[in-house]
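Okay, here's what each chain looks like letter by letter:
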There are 2 protein chains.
Amino acid sequence: MGRKVIDNPNVCSLVHAMNVIGNKWKPILIYLLANGSLRFGKLLMFTPTISKKVLTEQLRELEEDGIIIRKKYAEIPPRVEYSLSKKGKALLPILKSLSQWTQDSYNEIEFEACRIVTL
Amino acid sequence: MGRKVIDNPNVCSLVHAMNVIGNKWKPILIYLLANGSLRFGKLLMFTPTISKKVLTEQLRELEEDGIIIRKKYAEIPPRVEYSLSKKGKALLPILKSLSQWTQDSYNEIEFEACRIVTL
DNA sequence: CGGTATCCGATATGATACTG
DNA sequence: CAGTATCATATCGGATACCG
């Protein structure tokens with residue numbers, strides 16, 4: 001017997017959301033931008049162990065998906081500011097509730113300490 | 001200048017949440033279990049393109065993280081039922097809001113149709 | 001039925017050096 | 001400063017065969 005295949009808009013939309021935010025760095029980057037815009041160098045400084053290459057890729061994808069806005073100033077040396085779009089801001093309460101879910105559901109000892117930079 | 005490293009419980013908890021649900025299949029599996037328990041064979045049937053190996057791995061990890069409960073019956077042929085734990089159920093409204101976020105933020109044409117099986 | 005075991009390709013992430 | 005380019009590695013996901 002084959003497998004049933006049925007469209008489900010809710011599951012499909014969830015898959016899309018996970019494609020947009022569900023990887024190692026994107027939720028962190030969104031969180032870092034919650035309080036306002038940041039320059040490339042600051043984002044790099046605040047996310048230890050990320051490489052420039054990966055940071056660039058993640059920012060480009062978030063921009064393509066309409067989550068963040070990239071503003072480039074014609075100066076030398078160059079200055080680039082990243083900020084959350086409306087879509088990105090709409091994500092913040094959901095990420096907050098995910099964070100809260102962890103804090104409600106697990107003891108500190110159950111998940112290894114992670115050291116992420118913040119402002 | 002080095003990078004600042006500061007603990008942030010909120011970001012840390014978000015990272016943990018993404019570790020628990022942020023991959024290709026786990027949110028789908030949680031959604032599939034939203035309406036009650038399902039057997040291994042049913043989960044396999046309802047997630048086209050997943051392999052037995054990967055399904056087993058995902059279910060084991062969800063069990064380790066306390067999201068689902070695995071109940072094995074001593075019968076021949078064997079029967080195994082998977083269901084959501086309390087932690088898993090607490091995740092449902094959050095996944096729902098992520099799904100809703102996509103539907104509010106994107107046109108259908110902006111994300112490729114995905115065909116996921118449902119009941 | 002509900003898995004394991006083995007192999008393998010694809011993708012994600014990272015280190016480093018270089019550039020306009 | 002804000003990237004690219006290149007190379008290396010690790011993890012993820014998938015195909016297939018076999019097992020209790």
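Per an unreviewed UniProt entry, the recorded name for chain A is Helix-turn-helix domain-containing protein, and the organism is Winogradskyella marincola.

Next up on the list: the UniProt feature "domain: HTH hxlR-type" (unreviewed entry) in chain A. Taken from the UniProt record, the annotation "domain: HTH hxlR-type" (unreviewed entry) applies to residues 12-110 of chain A. Segment residues 12-110 of chain A splits into 58% helix and 14% strand. End C-alpha atoms: 31 Å apart.

For DNA strand C, the set of nearby residues contains 22 residues, the closest of which are Lys24(A), Trp25(A), Lys53(A), Arg70(B) and Tyr82(B). Of what DNA strand C places within 4 Å of the protein, 55% of the atoms are sugar or phosphate. A distance of 3.0 Å separates a phosphate oxygen of DNA strand C from a polar atom in the side chain of Arg39(B). Mapped by element, the contributors of at least two residues to the surface near DNA strand C are α4 (52-64) of chain A together with α3 (40-46), α4 (52-64) and β3 (79-84) of chain B. For the surface near DNA strand C, the element with the highest residue contribution is α4(B), accounting for 4 residues. For the surface near DNA strand C, the residue count by class is 8 nonpolar, 6 polar and 8 charged.

Criteria and thresholds
- Residues numbered from 1 in each chain as written.
- Chains lettered and ligands numbered in written order.
- Predicted model: local features only at pLDDT ≥ 70, side-chain atom pairs only at ≥ 80, totals over all residues.
- Heavy atoms only, no water.
- UniProt positions renumbered as here; feature names shortened; annotations may be inferred.
- Helix = DSSP H or I, 4+ residues; strand = E, 2+ residues; numbered from the N terminus.
- Near = heavy atom within 4 Å.
- Polar contact = N/O pair within 3.5 Å; in protein donor to acceptor, adjacent residues only side chain to side chain.
- Nonpolar A, V, L, I, M, F, W, Y, C, P; charged D, E, K, R; others polar.

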